[in-house]
Amino acid sequence: MTTRQDLMSLARHTRLSVLLFVRDIGNGLLVVSHNTLALVGLAVMAVLLVFSSQAGLREKLESATLGWLNARHEARAEAEGNTLLAAAEPDAIARATATDPRELSRQQSAVAHWLARRYSVAPEPLSRLVQEAWAVGQRAKVEPTLILAIMAIESRFNPFAQSPVGAQGLMQVMTRVHDDKYEAFGGTLAAFDPVTNLRVGVQVLKECIQRAGSLEDGLRYYVGGANLEETGYTARVLAEHDLLRAVASGRSVPTNTVARPQLREAASAPTGVASEQVALLR
């Protein structure tokens, strides 16, 4: 009897000891987990305080995270055969020489659309050139339709055109002769930027007209023919100029109209000017 009671007592004590052990382990884990969560919370708060007080550090982390995500996205897209995503450049539109024709005045829009049809050029880049011709022409006291006529005859609105003697761009400016004029635009490679070429060309044209004393002779200086026989260049430019003025005035001019030179009273070219002083553009 005593042995049975001892066994039962031992079993009861063993069960109580196990329960106590398990309860103590549970309480210990609970305390540890609470402390760990508290430490994690404190760590998170500390990190947030650091980042909120240091904007530069926060921006670097955000940039690094965004870069990592973008890199993963691009790698996944490239693996799927999409190579364009890796070369994407959202700011590329800022380099485009283009303007919505609807942003132009009625007069400018009419000229832009007429030139676009006549020379098979998109209206958006032509709209930008028309807009610039009006702005620069007003400052330089040169008719914008004359500027556009020169571009039409010189390059047919090809900003990458080059003549056999090295005249370049929309207005066929001799870059090596007028390299000083490109310094304000970062160098001579700006000759292939349409807007820069237009601005430099108008400055050269203005100087030629002032030196020659008349528009007709100024155009001969511009093309480098002041000391040469008339080649018809001046007449072609002025004929195109007349068509553009008619379009700008609201007249209906078919785009396939042949620019017919008109007889004009030509002023005699000034004498005593050396050929090397001529603004050679062709």
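Read on for a plain summary of the structure. Predicted model only: the values in this text are computed from it and were never measured. Position numbers for residues count from 1 along each chain, tracking the sequence in the order it is written. Side-chain atom pairs in this predicted model are given and counted only at pLDDT of 80 or more, local residue features only at pLDDT of at least 70, and totals for whole chains, interfaces and linings cover all residues. The basis for every side-chain value is the complete set of non-hydrogen atoms in the structure, without hydrogens or water.

**Some words on the overall build of the protein**
Filter applied, for reference: Starting at the N terminus, helices and strands are each numbered in turn, a helix being any DSSP run of H or I of at least four residues and a strand any DSSP run of E of at least two. Three labels apply to residues, based on accessible area from a 1.4 Å probe with only protein chains included: buried if under 20% of the type maximum, exposed if over 50%, partly exposed otherwise in between. Contacts were defined at the residue level, with two residues in contact if any of their heavy atoms lie within 4.5 Å. Here, Shrake-Rupley sampling with a 1.4 Å probe gives the accessible areas, and only protein chains in the shown set may cover a residue.
Regarding its fold elements, the protein presents 8 helices and 2 strands. Mapped from its N terminus to its C terminus, the protein presents α and β elements in the order α-α-α-α-α-β-β-α-α-α. Considering the protein as a whole, with its 282 residues, one finds that 35% of them fall into the buried category. In the protein, the share of contacts with a sequence separation of at least 24, taken over all contacts with a separation of at least 6, comes to 55%. By element, 58% of the accessible surface of the protein is carried by carbon and sulfur atoms, the whole surface being about 17700 Å².

**Brief notes about the side chain of serine 214**
Threshold: Pairing of N or O atoms within 3.5 Å defines a polar contact, subject to two protein rules: one partner must be a possible hydrogen donor and the other a possible acceptor, and residues neighboring in sequence count only if both atoms are side-chain atoms.
With respect to the helices and strands, the residue serine 214 is situated in the loop between α6 (194–212) and α7 (215–222). A polar contact is formed between the side chain of serine 214 and the backbone nitrogen of aspartate 217, at a distance of 3.2 Å.

**A few points about the layout of surface pockets**
Note the threshold: A 1.4 Å probe that fits but cannot get out identifies a cavity on a 1 Å grid over protein atoms alone, an open set with protein on both sides within 12 Å along at least five of seven lines counts as a pocket, and a residue lines either if it has an atom within 4 Å of a point. Grid points are joined across faces, edges and corners, and a volume is the space filled by probe spheres set on the points. Ten residues, namely Ala, Val, Leu, Ile, Met, Phe, Trp, Tyr, Cys and Pro, are considered nonpolar, four, namely Asp, Glu, Lys and Arg, are considered charged, and the remaining ones, Gly among them, are considered polar.
Of the voids in this model, the second largest pocket is the one considered here, and its volume is about 160 Å³. Looking at the second largest pocket, the residues that line it are Val136, Arg139, Ala140, Lys181, Phe185, Arg199, Val200, Val202, Gln203 and Lys206. At the level of secondary structure, the elements contributing two or more residues to the lining of the second largest pocket comprise α4 (123–140) and α6. Taken together, the residues of the lining of the second largest pocket break down into 5 nonpolar, 1 polar and 4 charged.

**Some points on the nonpolar core**
The test is simple: Each nonpolar core is a collection of buried residues, namely Ala, Val, Leu, Ile, Met, Phe, Trp, Tyr and Cys, held together in the definition by side-chain atoms within 4.5 Å.
Grouped together as the largest cluster of nonpolar side chains are 50 residues, with contacts concentrated most on Val111, Leu115, Leu148, Ile150, Phe157, Met171 and Tyr222. Sorting the residues of this core by element identifies α3 (106–119), α4, α5 (144–155), α6, α7 and α8 (233–248) as the ones contributing at least two each. The greatest single-element share of this core, amounting to 8 residues, is contributed by α8. Sequence-distant contacts of isoleucine 150, defined by excluding residues within four places in its chain, comprise Met171, Leu205, Leu219, Tyr222, Tyr233 and Val237.

**A closer look at the packing of α7 against α8**
To keep things clear, this is the line we draw: For helices, the axis comes from a line fit to the C-alpha atoms of the stretch in contact; other axes are also lines fit to C-alpha atoms, and the angle between any two N-to-C directions lies between 0 and 180 degrees. An angle counts as roughly parallel when it lies under 35 degrees, as roughly antiparallel when it exceeds 145, as roughly perpendicular when it falls between 65 and 115, and as oblique in every other case. If you view the pair so one helix is near and one far, a crossing is left-handed when the near helix is turned anticlockwise from the far one by less than a right angle, and right-handed when it is turned clockwise.
Axis separation between α7 and α8 bottoms out at 9 Å; the angle between their running directions is 120°. Judged by the inter-axis angle, α7 sits oblique to α8. Every pair of crossing elements has a handedness; the one defined by α7 and α8 is right-handed. Contacts between α7 and α8 pair Leu215, Glu216, Leu219, Arg220 and Tyr222 from the former with Tyr233, Thr234, Val237 and Leu238 from the latter. Taken together, the residues of the contact of α7 with α8 sort by class into 6 nonpolar, 1 polar and 2 charged.

**Digging into α3**
The condition is simple: Expected helix span is given by 1.5 Å per residue-to-residue step, counting one fewer step than there are residues.
An ideal rise of 1.5 Å per residue puts 20 Å on 14 residues; α3 measures up with 20 Å between its terminal C-alpha atoms. For α3, the full list of buried residues reads Gln108, Ser109, Val111, Ala112, Trp114, Leu115, Ala116, Arg118 and Tyr119. Lining the buried residues of α3 we find α4, α5 and α8. Positive phi appears at serine 120, one or two residues downstream of α3, with a value of about 55°.

**A few points about the pattern of salt bridges**
What counts here: Whenever Lys or Arg places a side-chain nitrogen within 4 Å of a carboxyl oxygen from Asp or Glu, that contact is recorded as a salt bridge.
Applying the stated criterion to the full structure yields 7 salt bridges. In this structure, glutamate 132 engages arginine 128 in a salt bridge whose closest nitrogen and oxygen atoms are separated by 2.9 Å. Of this pair, glutamate 132 and arginine 128 both sit in helix α4, 4 residues apart, which is roughly one turn of the helix. The exposure classification of glutamate 132 matches that of arginine 128, with both residues buried. Between glutamate 207 and lysine 181 there is a salt bridge; the shortest N-O distance is 3.4 Å. Of the two residues, glutamate 207 sits in helix α6 while lysine 181 sits in the loop between β2 (173–174) and α6, which places them 26 residues apart along the sequence. Through salt bridges with shared partners, one network takes in Arg128, Glu132 and Arg199.

In short, geometric facts, not functional conclusions.
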